[in-house]
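# Examining the three-dimensional arrangement
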Amino acid sequence: MFQIGGLIVFCGLLAQTTTLLEALSLPLEHTLFLEATPGQDPSPTDLAGDLTDGLSSGLLSGGLLDILENLSLLNILKTGGGTSGGLLGGLLGKVTSMVPLLDSIIELKITNPQLLELGLVQSPDGHRLYVTIPLGIVFNVNTPLTSSLVKLAVKLNITAEILAVKNDQGKIHLILGDCTHSPGSLQISLLNGFAPLPVQSLVDSLSSFLNKVLPELVQGEVCPLVNEVLSELDVTLVHSIAELLIHGLEFVIKV
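In this numbering scheme, every chain counts its residues from 1 along its sequence in written order. Restriction of local features to residues with pLDDT of at least 70 applies here, the model being predicted, together with a cutoff of 80 or more for giving and counting side-chain atom pairs; totals for whole chains, interfaces and linings are based on all residues. For the side-chain quantities, the full set of heavy atoms in the structure was used; hydrogens and water were omitted.

With that settled, the discussion passes to the overall build of the protein chain. The helix and strand labels rest on DSSP assignments: H or I over at least four residues marks a helix, E over at least two residues marks a strand, and numbering proceeds from the N terminus. The number of helices and strands found in the protein chain is 7 helices and 6 strands. In sequence order, the secondary structure elements of the protein chain are arranged as α-α-α-α-α-β-β-β-β-β-β-α-α. Within the span of the protein chain, comprising 255 residues, buried residues form 37% of the whole. Look at the contacts in the protein chain between residues 6 or more apart in sequence, and 72% of them connect residues 24 or more apart. Within the structure as shown, the protein chain displays about 15000 Å² of accessible surface, and the carbon and sulfur contribution to it stands at 59%. For every residue, the accessible area obtained with a 1.4 Å probe (protein chains only) is divided by the maximum for its type, and the residue is called buried under 20%, exposed over 50%, and partly exposed between those limits. Throughout, a contact is declared for two residues whenever any of their heavy atoms are within 4.5 Å. All accessible areas in this document rest on Shrake-Rupley with a 1.4 Å probe, and a residue is counted as covered only by the protein chains that are shown.

Here it is in structure tokens:
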């Protein structure tokens with residue numbers, strides 16, 4: 001009887017010990033699993049998305065919308081380009097002298113500046129990125145030719161080239177290459193709907209003026225801001241992207 005009782009006690013202790021070990025092993029295995037699974041590198045989609053998000057946030061916080069809203073187009077128009085100088089100034093002088101209707105503009109106010117969704121493509125060799133920065137504004141034109149404001153919706157793309165370079169210390173970073181307005185991207189549309197002939201003539205004249213002047217003007221204001229934002233991006237993000245560009249590895253997913 002003593003031996004049978006001892007056997008029963010022994011089996012009971014063994015069962016309790018097994019249960020305890022199983023309970024203890026759960027967090028132990030969980031801990032080992034976490035330690036054996038370090039944080040994974042961002043996927044290509046993550047890097048591309050983080051870059052466009054970082055650029056968008058930087059442009060907005062850097063005052064892009066205020067820059068667009070305060071473009072001094074009316075001053076340029078009224079002075080015939082006298083304060084602009086260079087090729088632009090000479091061009092504006094010709095435009096305003098050839099289009100007297102532009103002299104009837106009393107006020108040219110910019111409202112509703114917008115930064116639309118950025119586009120991102122990678123060059124075929126994998127060493128460059130091209131960021132498309134789509135901008136939108138509305139021109140409110142006050143002229144005695146009509147009793148109400150003439151409203152023009154304007155869209156324009158700026159394209160910024162991003163390169164990866166390695167300095168003398170072997171550190172790599174991103175720099176801004178060419179930054180210019182995208183040819184043919186300027187779109188101008190009348191928001192008032194149908195316009196009588198005098199107003200339509202004014203709209204046509206103003207559209208011609210904007211086509212010649214606005215892209216270069218916006219480019220000169222926006223590109224320096226892009227360069228500034230690029231230099232202030234997250235260091236880890238910049239390093240990850242620069243490493244891929246240096247080696248020509250594709251990470252921008254084509255859609």
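Only one face of strand 2 (residues 119–122) is buried: it carries Leu 120 and Gln 122, and the other face, with Gly 119 and Val 121, is open. Summarising the sheet, strand 2 and strand 3 (residues 128–142) pair through 4 bridges and their orientation is antiparallel. Looking at strand 3, one finds that Val 121 is bridged to Tyr 130. Hairpin connection from strand 2 to strand 3: 5 residues lie between these consecutive antiparallel strands, with Gly 126 at a positive phi of about 80 degrees. A strand pair is defined by DSSP finding two or more bridges across the two strands.

We now examine the side chain of Ser 56. Structurally, Ser 56 can be placed in helix 2 (residues 44–61). Exposure remark for Ser 56: the relative accessible area of 18% places this residue in the buried category.

Following the sequence through the fold, Ile 162 ends up in strand 4 (residues 150–166). The spatial distance from the C-alpha of Ile 162 to the C-alpha of Leu 176 is 4.9 Å, given a sequence separation of 14 residues. Those residues within four positions of Ile 162 in sequence are excluded, and the remaining contacts are Leu 55, His 127, Arg 128, Leu 129, Val 131, Leu 174, Ile 175, Leu 230 and Leu 245.

Attention now moves to the pairing of strand 3. Burial analysis of strand 3 places 11 of its 15 residues in the buried class, the great majority of the element. Pairing of strand 1 (residues 107–115) with strand 3 involves 7 bridges; the strand directions are antiparallel. In the sheet register, Leu 108 faces strand 3, and the bridge partner there is Val 141. Here strand 3 pairs with strand 4 via 14 bridges, running antiparallel. Bridge pairing links Ile 133 to Ile 158 in strand 4.

A word on the confidence of the model for the protein chain. pLDDT measures how confident the predictor is about each residue, on a scale from 0 to 100. Residues with a pLDDT of 70 or more make up 73% of the protein chain, whose mean pLDDT is 79. Here helix 5 (residues 86–98) stands out as the least confident element of the protein chain, with mean pLDDT 43; helix 3 (residues 64–69) is the most confident, with 97. In the predicted structure, residues 23–39 sits below a pLDDT of 50 and forms 0 contacts with residues beyond four places in sequence or in another chain. Predicted confidence for residues 81–98 stays below pLDDT 50, and this span has 21 contacts to residues more than four positions away or in other chains.

A separate point is the nonpolar core. Most often, soluble globular proteins keep nonpolar side chains buried together rather than apart. We define the nonpolar core as a collection of buried residues of types Ala, Val, Leu, Ile, Met, Phe, Trp, Tyr and Cys that are connected through side-chain atoms lying within 4.5 Å of one another. Membership of the largest hydrophobic core comes to 65 residues, with the highest contact counts inside it found for Phe 139 and Leu 214. For this core, the leading source of residues is helix 6 (residues 197–231), giving 16 residues. Those residues in contact with Phe 139 that sit more than four places away from it in its chain are Leu 73, Leu 108, Lys 109, Ile 110, Val 150, Lys 151, Leu 152, Val 154, Leu 210 and Leu 214.

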